[in-house]
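# Residue-level structural notes
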Amino acid sequence: MIPADHPRAKSLHTREKLVDGFRRNLVAAEGLIAHGRGEAFDYLLGERTSAQARAATKAAAAMLLLAKRPVLSVNGNAAALVPKEIVELAQATGARIEVNLFYRTEEREKAIRDELWRYGAKEVLGVGGRASARIPELSSERRRVDPEGIFAADVVFVPLEDGDRTEALVRMGKRVVTIDLNPLSRTAVAAHVTIVDNLVRAMPALVEQAWALEGKDRRALEKILADFDNKKNLAQSLKAIRSGNKRA
């Protein structure tokens, strides 16, 4: 039991969700370690959403809405923490959903697919033999993608991503949106829009922003993107971290 008045109750509940996801074969053991690394950056950010993250969230929503073939790439940690929001974001933007894993087994793929189905997903790509296309110049299991999904996408949303695949997707001419607590990571730097925030805060905000912008005309969405500078946003996010978190 986590006391409601614990100063880091939200963070502890997130850990519990991941442990539960591990037990249900959604999360790889290595995913638990990766979360701990991100959690350290979140502590430096004060465990709150910055103005820079809010600006990036608006740009991310605009990019997904402008896309002709947007795809949301889902790994185990994302499926364990924000399955409802993934499905809602797909509904708001018209994006397709694809499972893509570094530690890939068909059992995990199906477990993640079933979790997304449970939250209302109508279609989940990339499971089993569907991941028959290959991302060039990438040797990990993440190179395997669905020819109707990530391989054909013009915009790919890759929360909690590996830097090498982000770089490979950019080389393929795709535009990439990511959520990454580390503004210095290869993923954060290579992506076109990086939300430097915790996934559990960023996803509900992104869904809300997507619905808010859904009725805007194309010119208004393009202006939002034109006014956004990812490099500047990352620099400001890093400055926020360097300024220090004064809490004990």
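Figured I'd write up the structure that's included with this text. Values in this document were obtained by computation on a predicted structure and should not be read as measured data.

Taken in spatial order, the five strands line up as E2-E1-E5-E6-E7 in an open sheet, and their pairing is parallel. With one partner strand each, in any of the chains shown, strand E2 (96-99) and strand E7 (193-195) form the two edges of the open sheet. Strand after strand, the sheet turns through a mean of 20° between neighbouring axes, direction not considered. Bridge count between strand E1 (residues 70-74) and strand E5 (residues 155-157): three bridges; the pairing is parallel. When the bridges of E5 are listed, Val-71 appears paired with Val-156. Across the face of the sheet, helix H9 (residues 199-213) comes into contact with E5, strand E6 (175-179) and E7 while running at roughly 125° to E6.

Our next topic: the pairing of E1. Along E1, five of the five residues are buried, which leaves the element largely enclosed by surrounding structure. Covered by surrounding structure in E1 are Pro-70, Leu-72 and Val-74 together with Val-71 and Ser-73, the residues of both alternating faces. Judged from the four bridges that link them, E1 and E2 form a sheet pairing that is parallel. Following the sheet pairing, Val-74 is matched in E2 by Val-99.

Rules used in this analysis
- Residues numbered from 1 in each chain as written.
- Predicted model: local features only at pLDDT ≥ 70, side-chain atom pairs only at ≥ 80, totals over all residues.
- Heavy atoms only, no water.
- Pairing = 2+ DSSP bridges.
- Helix = DSSP H or I, 4+ residues; strand = E, 2+ residues; numbered from the N terminus.
- Axes fitted to C-alpha atoms, helices over the stretch in contact; angles between N-to-C directions.
- Contact = heavy atoms within 4.5 Å.
- Buried < 20%, exposed > 50% of the residue type's maximum accessible area, 1.4 Å probe, protein only.

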